[in-house]
Amino acid sequence: MWNQVPLDASLYRSPSQVTPARVIGKLEFLPLNELPWEDFERIQWRILRDVEGLRYAQIYGERGQAQEGLDVVALAPDGGGVGLQSKKYKRFGPADLKAAVKKFRDTERPFTIDRLIIGVSIDVKSKTVPPVLAALRKDLHPIELDLWDRQELSLLLRTSPNIVVEFFGEETARAFCLPFELESVVVPSVETVAIREALARTPEETTGAAELLREARALTNDPVRALALIEEAQGKLRATPFGAYAAQYDVERGRLLARVGRADEAARQCLDEFWAALDLGLTSTADVAHRRLRELVRAGAAPWFTQVAGAASNLYFNPLGAVADVAGIGEDVDRARLAALAGEVAVANDDLAALSSLSETLASAIESDFRDPVLRTRLRMLAAEATGDWTAILADARKLKLGYDLLALVTARYARHRALNQKFKDAEALWDDATGDASLARRWTDATTWTMSRRAFREYWNPFTSDEALPLQKALLELGPAPRILAIAESAYESALDALRADQLRSAAIFAQRALRDAVSAGDWEGEREARRVLAAALAKADEPGLAAGHLARAGAVKEIKELGRQFADRFIDVTPELSAPNYWTVGTAFRLIEQQADLVPDDVVEVISERILIEIAGAEANELPDIRMLAVSRYNGAIGALAGLAHRLTPDRAEKALAHFEQQPLLDGEHYRFHDQNEAVAVARIALARPEFAERACTHLVKLLARSQSARKQVAQQAVDRFLDVTRPLLAALAANGNHWARETLAFHDTESVPPEQAAAALARLTTPLVHKPGVFTEGTSAVGDSLLVLGLPGDRLDPAVSELLRRADDKHVGAADRGDYLIAAANLAPQLSAADRSEHFAAAIHGASAPRSSLHDEWEQRFSHRLGGMRVVRNDMDSRERALFLAACLAGTDGQRAVVRDQAYELLVDASESGYWVTRALQQLGDAMREDVGYLLTQGWALRSFAAILWARHGTPVQTGMRLATDSDVRVRRTLAEALSGTEPDEVRRPVRDRLAQDPSYSVRSVLA
């Protein structure tokens, strides 16, 4: 009968004695024949396991059966089976060898054997053995047959001094083995030996608890005696390192307690286990305990036990972080735990109203009778959070009334409090103190966490210096891990991520809430930011954008909060409460969401937000509000971004104040910029367009800004310059006279005769001079579009060579797609000035560029850096110039046949066009009403083509059902285009329902343009 070799088998034990060799000097062989038989078995097993590397051993029979002998099979590292037969021999001859092989053949084994070893402790010197061994090897083939006698075993052990020292002593090992150095041997403690034995035989067997348990289960009619036996068995288990094993018998104990009228006692222990499980985040264990409590209540325990567990579960498992009333439930310790849990839920979710409502509950719990100092400290910290008064608990902690570990915890929590209130140096110093106090308490894991908090917080007040504390963090990490001061759910954050990936949103939110509570309670700054991000992601996917936005604002997650705004493009997410936050990063991040969703802000909320913007502006002017403008979370830059989105909706007095703020900024030259240049330009332009009374002031400021900042030249800014040309023309002329290219091009666009002849000639020369390339060098950037505006006043015959050259450049293999696009747009600007013959001549080249342009060496080189996993990436959105070539072809088309070619080529490009298909749309627009029959197809394309469909439908009203589909399009740009197109038409029975739908649109721009 084959059995696995258990961990407590005698084979694993140390030798019964040390058997040194009886000679002095170098040894040829070890005295294996002098070993007691059990030690010889052990040394063979050690050779199999530690020299040959065999594992998963099984042994035949049991020690002491029949005769002294060993029969073992095991697996080699390559997966092959190995068998060892060993017997105590005084002599070993051919008959013994044959008998061993016969026994092998007659015995069934648990797996295939590829190698058989026969082990003997004596020297096999008989000359008759080798021929028999050779014959048996031939018979057994392909099974290998080895004979391990004293000589062979000695050879195997020569390079294993650790085994030789153990069985024969150090002196024998030095005489026999190759030279070696002894290392300190770690002797297993009594506890670890007990653990090993318990693993082999189960803790119940090794402690004697198993017999007690069996006896208790047999006493079906004597619950008192059975209960005593169960409790005695549990006591034996709790006295070992496997004390947790005792808990599995609590169910039996509880049932027995209920039978003897002590159900409340069982419920109390069960409720304590429930709380312990929640502390560690063992939700399944807590759920099991909760079910047991229900059973015990049915068996006679007081109902309040399940009420406590239910209240705790409602708080713990609420994915939204809602806080319920927990006063007056349970015993003192339960009321304290419930108050602590409710308060930590409130703090983690920044529910100050709920925290304030818990003040009396917290105060009562602090004064109640329980012995847990950590729980009392948690309650006191929550009370300090609720009142803002940390004096008492700080005083007790710093006087070491709480011990070093709780001093560290209180200091870290106070550091978080100071950090949230922008007391930057205080917060860093406090986290530093917490690290030191935790180190005194040997709480290395917490010390590492708070060092990381220092580093993470530096991003908000002293950026680019966080690595200074990295060596300390690494050193502390090497000292750990160590138990934490507060019990936390170690894997809550990772579990939240896993659940989120699996789209298990409820679980993801619950795990993330726990991770957030743990981080906040422990003063873990970085852990808090990470938990808020993953919680926000779960809430957003669960259609709770308002809650998600609050967490992202507090985490300073600008990128994520902007994405949230895009995700809910038709629903306003109100973050105005966050604009009153005590720190700049929360305010700045909230403003970024408002900037993203400005078009959705309700009219009454515009008043609230615009007032907050002016407060921010005033604070910036007075230098009263801490801020770092280079950071994405800047409160000032966020406010200006929100202002840009709402400027056209400001009241006159607020518009004037905003404009005055920009006007009083210090002047900058063309070599400098401000982070808010772009948003400033949009805000000023919208003020000009919405409030004509400020147009002169706004445009004067705007022209100066656009002349300096290229990034500020957005469409709405250019629109304002164009709308109030009477105001802007003199300013542009002065700038143009001083050499400003943007001013020259803007004037040329409006008045071709305003361009001085020498400037037009220079621009024409630049457009007609062939490109010169140097080997191995690529250039980027052109002035072609601006130059094309400067030469528009020249006759068409002088412009034709420029168009020819621009088309050659657009097909140059050394030119990248971005520059090709510039050349094609420049040519399109010149196309209307050409003669019909010249346009027709260039049409074929433009269509060729739209269908099969020459490959670009520049783009092929950049393509090598486009992989998303690359260490260096070049990301471009304009790696295809075909759409712009098609636009040029459409501008050149002069016949119905050429327009048909453009249309056909446009549809071919739409197969792999960019998401919007902007330039394809511009091309098709050149074809006019010829596209009216294709409205249905255009509806299936990107936003630009759907916008074109909206223009066509507003003009013709067919197909009828298309209008409502366009009015409910998911992209506001399509709906805005439709509203603008309908604003110039008379309402009729076809268009009126569509207009009515647009009049209720959530986006202000749609409603306003329709009106």
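Residues numbered from 1 in each chain as written. Predicted model: local features only at pLDDT ≥ 70, side-chain atom pairs only at ≥ 80, totals over all residues. Heavy atoms only, no water.

A. View of the overall build of the protein chain. Within the protein chain, the secondary structure is distributed over 52 helices and six strands. On C-alpha atoms alone, the protein chain measures out to a radius of gyration of 42 Å, which is more than a quarter above the 30 Å that the 2.2 N^0.38 rule sets for 1011 residues. With respect to the three principal axes, the spread of C-alpha positions in the protein chain is 120 × 80 × 60 Å. Evaluated residue by residue, the protein chain yields a buried proportion of 50% over its 1011 residues. (Helix = DSSP H or I, 4+ residues; strand = E, 2+ residues; numbered from the N terminus. Rg over C-alpha atoms; globule rule 2.2 N^0.38 Å. Buried < 20%, exposed > 50% of the residue type's maximum accessible area, 1.4 Å probe, protein only.)

B. Here's a closer look at the pairing of strand β4 (residues 81-87). Burial of β4 is extensive: six of the seven residues sit out of reach of the surface. With respect to chirality, the unit in which β4 leads through helix α2 (residues 94-106) into the neighbouring parallel strand β5 (residues 115-119) is right-handed. (Right-handed = clockwise from strand over helix to strand, strands pointing away.)

C. How the structure looks around the nonpolar core. In this structure, Phe-274, Leu-338, Leu-379, Phe-591, Leu-643 and Leu-702 are the most contacted members of the largest nonpolar core, which totals 144 residues. Considering each element in turn, this core owes the most residues, ten residues, to helix α15 (residues 332-348). Look past the residues within four positions of Leu-338 in its chain and what remains in contact with it is Trp-275, Val-308, Ala-311, Ala-312, Leu-315, Val-326 and Ile-329. Ranked by size, the runner-up nonpolar core spans 71 residues in total, among them Ala-748, Ile-847, Ala-890 and Val-974. (Core = buried A, V, L, I, M, F, W, Y, C linked by side-chain atoms within 4.5 Å. Contact = heavy atoms within 4.5 Å.)

D. Geometry of the packing of aromatic side chains. Using the criterion set out here, one finds 22 aromatic pairs in the structure. With a centroid separation of 5.9 Å and an interplanar angle of 70°, the aromatic rings of Phe-274 and Trp-275 are classed as edge-to-face. For the pair shown, Phe-274 and Trp-275 are each scored as buried. Taking the centre distance of 5.2 Å and the plane angle of 55° together, the rings of Phe-887 and Trp-919 count as tilted. With Phe-887 in helix α44 (residues 882-892) and Trp-919 in helix α46 (residues 918-925), this pair connects stretches of sequence that are 32 residues apart. We classify Phe-887 as buried; its relative accessible area is 6%. Aromatic ring contacts, followed pair by pair, group Phe-424, Trp-431, Phe-457, Tyr-460, Trp-461, Trp-525, Tyr-584 and Trp-585 into a single cluster. For Arg-174, the ring lying beneath its charged end belongs to Phe-180, and the centroid distance is 4.6 Å. The ring of Tyr-1004 is capped by Arg-649, whose NZ or CZ atom sits 4.0 Å from the centre of that ring. (Phe/Tyr/Trp six-rings, centres within 6.5 Å; stacked < 30°, edge-to-face > 60°. Lys NZ or Arg CZ within 6 Å of the ring centre and 35° of its normal.)

E. The arrangement of the packing of helix α32 (residues 652-663) against helix α33 (residues 677-690) in detail. Between α32 and α33, the least distance of the axes is 10 Å, while the angle of their chain directions is 135°. On the basis of the axis angle, α32 is oblique to α33. Crossing geometry of α32 relative to α33 is assigned as left-handed. Contacts from Ala-655, Ala-658, Leu-659 and Phe-662 of α32 reach α33 at Glu-680, Ala-683, Val-684 and Ile-687. (Axes fitted to C-alpha atoms, helices over the stretch in contact; angles between N-to-C directions. Parallel < 35°, antiparallel > 145°, perpendicular 65-115°, else oblique. Left-handed = near helix turned anticlockwise from the far one by under 90°.)

F. Up close: the environment of Arg-654. Looking at the secondary structure, you find Arg-654 in helix α32. Sequence-wise, Arg-654 and Leu-614 are 40 residues apart; in three dimensions their C-alpha atoms are separated by 7.6 Å. With residues up to four places along the chain from it excluded, the contact list for Arg-654 reads Glu-607, Ser-610, Glu-611 and Leu-614.

G. Spotlight on the pattern of salt bridges. Counted by the stated rule, this structure contains 78 salt bridges. Arg-268 is paired through a salt bridge with Asp-334; the nearest N and O atoms lie 2.8 Å apart. Pair noted here: Arg-268 is in helix α12 (residues 263-279) and Asp-334 is in helix α15, with a separation of 66 residues, a long-range link. Relative accessible area serves as the criterion here: at 15%, Arg-268 is assigned to the buried category. The partner of Arg-955 in a salt bridge is Asp-929, with the nearest N and O atoms 2.6 Å apart. On the criterion of sequence distance, the pair formed by Arg-955 in helix α48 (residues 943-956) and Asp-929 in the loop between α46 and α47 (935-938) is long-range, its members being 26 residues apart. Exposure remark for Asp-929: the relative accessible area of 36% places this residue in the partly exposed category. (Salt bridge = Lys/Arg side-chain N within 4 Å of Asp/Glu carboxyl O.)

H. Local environment of the environment of Ala-100. Checked against the element boundaries, Ala-100 lands in helix α2. Through-space distance from the C-alpha of Ala-100 to that of Phe-724 is 110 Å; in sequence the pair is 624 residues apart. Excluding its chain neighbours within four sequence positions, the residues that come into contact with Ala-100 are Gln-85 and Ile-118.

I. Summary view of the confidence of the model for the protein chain. Summarising the model, the protein chain shows a mean pLDDT of 91, and 96% of its residues fall at 70 or more. Within the model, pLDDT remains below 50 along residues 63-67, and this stretch shows six contacts once partners closer than five positions in the same chain are excluded. (pLDDT = per-residue confidence, 0-100.)

J. Here's a closer look at helix α21 (residues 424-440). A rise of 1.5 Å per residue sets the reference length of α21, with its 17 residues, at 24 Å; its end C-alpha atoms lie 25 Å apart and thus fit the reference within 8%. The complete set of buried residues in α21 reads Phe-424, Ala-427, Glu-428, Leu-430, Trp-431, Ala-434, Thr-435, Asp-437 and Ala-438. Lining the buried residues of α21 we find α19 (391-398), α20 (403-420), α22 (444-457), α23 (470-479), α26 (525-541) and α29 (584-596). Phi turns positive one or two residues past the end of α21, at Arg-442, with a value near 60°. (Expected span 1.5 Å × (residues − 1).)

K. Expanded view of the packing of α32 against helix α34 (residues 695-708). Interaxial distance between α32 and α34 falls to 11 Å at its minimum, and their mutual angle equals 35°. Crossing of α32 against α34: the hand is left-handed. On the side of α32, the interface is formed by Glu-656, Leu-659, Ala-660, Phe-662 and Glu-663, while α34 contributes Arg-697, Ala-698 and His-701. The residue inventory of the contact of α32 with α34, partitioned by class, reads four nonpolar, one polar and three charged. (Nonpolar A, V, L, I, M, F, W, Y, C, P; charged D, E, K, R; others polar.)

L. Geometry of unusual backbone geometry. Here the bond from His-141 into Pro-142 is cis, since omega is 15°, no more than 30 degrees from zero. Tracing the chain through its elements places Pro-142 in the loop between α3 (129-140) and β6 (144-148). Residue Gly-480 is joined to Pro-481 through a cis peptide bond whose omega torsion reads 0°. Turning to its location among the elements, Pro-481 is positioned in the loop between α23 and α24 (492-501). Non-glycine residue Arg-442 carries a positive phi angle of around 60°. By the secondary structure assignment, Arg-442 is in the loop between α21 and α22.

M. Geometry of the side chain of Asp-518. Relative to the helices and strands, Asp-518 resides in helix α25 (residues 505-522). At 3.0 Å, the side chain of Asp-518 and the backbone nitrogen of Ala-489 are in polar contact. Once residues lying within four places of it in the same chain are set aside, the contact partners of Asp-518 are Ala-487, Ile-488 and Ala-489. (Polar contact = N/O pair within 3.5 Å; in protein donor to acceptor, adjacent residues only side chain to side chain.)

N. View of the pairing of β5. Most of β5 is tucked away, with five of its five residues classed as buried. Judged by which residues are buried, β5 turns out to be covered on both faces: Arg-115, Ile-117 and Gly-119 on one side and Leu-116 and Ile-118 on the other are all buried. Bridge count for β4 against β5 is five bridges, and the pairing is parallel. What sits directly across from Ser-86, in β5, is Gly-119. Examined bridge by bridge, β5 and β6 share five bridges and lie parallel to one another. Note that in β6 the partner of Leu-116 across the bridge is Leu-145. Each parallel crossover has a hand, and the one from β5 via α3 to β6 is right-handed. (Pairing = 2+ DSSP bridges.)

O. Highlighting helix α36 (residues 725-737). In this model α36 runs 17 Å from its N-terminal to its C-terminal C-alpha over 13 residues, within 8% of the 18 Å that 1.5 Å per residue would give. Buried-residue contacts for α36 involve α34, α35 (715-723) and α37 (741-750). Just past α36, the residue Gly-739 takes up positive phi, approximately 95°.

P. Here's a closer look at a nonpolar patch on the surface. On the surface, a cluster of nonpolar side chains totalling about 560 Å² of accessible area is made up of Phe-464, Met-630, Tyr-673 and Phe-675. When you line up the elements, Phe-464 lands in the loop between α22 and α23. (Patch = residues over 30% accessible without salt bridge, like charges linked within 9 Å, V, L, I, M, F, W, Y side chains within 5 Å. Areas by Shrake-Rupley, 256 points an atom, 1.4 Å probe, with all protein chains shown as cover.)

Q. The environment of Gln-715, seen in detail. Looking at the element boundaries, Gln-715 is found in helix α35. In the structure, Gln-715 is positioned 33 residues away from Val-682 in sequence and 8.7 Å away in space, judged by C-alpha atoms.

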